[in-house]
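These are the residues of each chain, in order.
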Amino acid sequence: MNLYDFDAEVNYKSGAFNKHYRTRLAGRVKRIVKQNLPNSVADSFLHGRYYTAIVTKPLCLYRVFGRYKGEYFTDEQGNARVVGSFANGAFVTTEFAESRIDAKIRLALEPAWLNSHAYEAKIIVPKGTILNIGKVAPVTTKGGTFLSGGADQILLPRDWSENIIVGYRYITVTQLRNPPEYSIKNIPSFDIKSTVYPLTCPKCGKTDIRLLSQDERIDYIGSKGNKYTTRHICLNPKCNCNW
Ligand SMILES: [Zn+2]
């Protein structure tokens, strides 16, 4: 049986895992004459520095997004309203999110923007697309938390087509240990409290999970001697993890 070893979990530093898989821009983009971006956009790049480039070979990029409807955000009549960001927003990056918190740090996602960061879209940008490229600048949130940024920040053309999205996934609450799969084809137009944090497999991050019956549950001991009882099985045939 494939038992998940919680004792082997060691949290890594943001960006330490995804750097091995990051999309390299060298040889895939060519610099062109710099576009003048509005100050509000230019200032979101680290030191206000960015360059303009044209894609010369298809480029794999990622976008964190999500919309949420909950009691905290209401209209003037007191009705819950939907907040957050869409899949086809302009800001994308070269690295997948390691977890929701890591995405927040690496992409400096200010909570005031109300992005639920529940989802990630994988995008294959075609040859000929014009990009503006720099690094994510740090942000200190209104609550005083310092988010260091540091990921590549890429601005897609405003009217980019969602047809270039090849798949979606839930961004896990816990850190990824394996590169993610983008097996979700359609995303609900918004989440509510009960769906925004779905149960995900700790090993593969997928949501195809079955609760084990009392008879199926077993006790096991992790590599550091801690005791666990299985309650779930991952239905991803490549994973089949029990925890
Ligand atoms: Zn799994």
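Reading guide: rules and limits
- Residues numbered from 1 in each chain as written.
- Predicted model: local features only at pLDDT ≥ 70, side-chain atom pairs only at ≥ 80, totals over all residues.
- Heavy atoms only, no water.
- Pairing = 2+ DSSP bridges.
- Helix = DSSP H or I, 4+ residues; strand = E, 2+ residues; numbered from the N terminus.
- Donors = N, O, S within 2.8 Å, 3.2 Å for Na, K, Ca; no water.
- Tetrahedral: all angles 85-135°; square planar, octahedral: opposite > 155°, others 65-115°.
- Buried < 20%, exposed > 50% of the residue type's maximum accessible area, 1.4 Å probe, protein only.
- Phe/Tyr/Trp six-rings, centres within 6.5 Å; stacked < 30°, edge-to-face > 60°.
- Lys NZ or Arg CZ within 6 Å of the ring centre and 35° of its normal.
- Core = buried A, V, L, I, M, F, W, Y, C linked by side-chain atoms within 4.5 Å.
- Contact = heavy atoms within 4.5 Å.
- Axes fitted to C-alpha atoms, helices over the stretch in contact; angles between N-to-C directions.

Asks: Residue-level account of the sheet that holds strand S2 (residues 45-55), with values.
Replies: Spatially, the 5 strands line up as an open sheet ordered S1-S2-S7-S10-S5, and their pairing is antiparallel. In the strand order of this sheet, the two ends are held by strand S1 (29-31) and strand S5 (91-92), each with one partner. Sheet analysis places S5 next to strand S10 (residues 152-155), joined by 2 bridges and oriented antiparallel. Looking across to S10, one finds that Val-92 is bridged to Ile-154.

Asks: Account for the coordination of the zinc ion, naming residues and giving values.
Replies: Expected angles at a metal are 109.5 degrees for tetrahedral coordination by four donors and either 90 or 180 degrees for octahedral coordination by six donors. Taken together, Cys-201 (SG), Cys-204 (SG), Cys-234 (SG) and Cys-239 (SG) make up the full set of protein donors to the zinc ion, lying 2.2 to 2.3 Å away. Seen from the zinc ion, its 4 donor atoms lie at angles of 102 to 115°, and the figure they make is tetrahedral. Within one chain, the residues serving as donors to the zinc ion are arranged as C-x2-C-x29-C-x4-C. Taken together, the residues Cys-201 in the loop between helix H3 (193-196) and strand S12 (209-211) and Cys-234 in strand S15 (residues 232-234) connect sequence positions 33 residues apart. When its relative accessible area of 1% is taken as the criterion, Cys-201 is described as buried.

Asks: Run through the packing of aromatic side chains, naming residues and quoting values.
Replies: One pass over the structure, following the stated rule, counts 13 aromatic pairs. Arranged with centres 5.6 Å apart and planes meeting at 35°, the rings of Tyr-220 and Tyr-228 form a pair that is tilted. A relative accessible area of 8% means that Tyr-220 is categorised as buried. An aromatic cluster is present here, built from Tyr-12, Phe-17, Tyr-21, Tyr-62, Phe-96 and Tyr-182 joined pairwise through their rings. The ring of Tyr-51 carries Arg-31 above its face, with NZ or CZ at 4.0 Å from the centroid.

Asks: Outline the nonpolar core, supporting the account with residue identities and numerical values.
Replies: Formed by 27 residues in total, the largest nonpolar core has its most connected members in Val-29, Leu-59, Ile-123, Val-125 and Leu-131. Put simply, the parts of the chain that give this core at least two residues each are S2, strand S3 (59-74), strand S6 (119-125), strand S7 (130-136) and strand S11 (165-170). When residues no more than four places from it in sequence are discounted, the contact partners of Leu-59 are Thr-23, Arg-24, Leu-25, Arg-28, Val-29, Ile-123, Ile-124, Val-125 and Leu-131. Counting residues in each nonpolar core, the second largest holds 11 residues, with Ala-97, Leu-107, Leu-147 and Ala-151 among its members.

Asks: Describe in detail the sheet that holds S11, supporting the description with residues and values.
Replies: Strand order across the open sheet formed by 4 strands is S4-S3-S6-S11, with antiparallel pairing between neighbours. Edge positions in the sheet fall to strand S4 (80-85) and S11, since each of these pairs with one other strand and no more. Taking each pair of neighbouring strands and ignoring which way they run, the sheet shows an average axis angle of 25°. Two strands pair when backbone bridges link them, and S3 and S6 are joined in this way by 7 bridges, in the antiparallel orientation. Note on S6: the bridge partner recorded for Val-64 is Glu-120.

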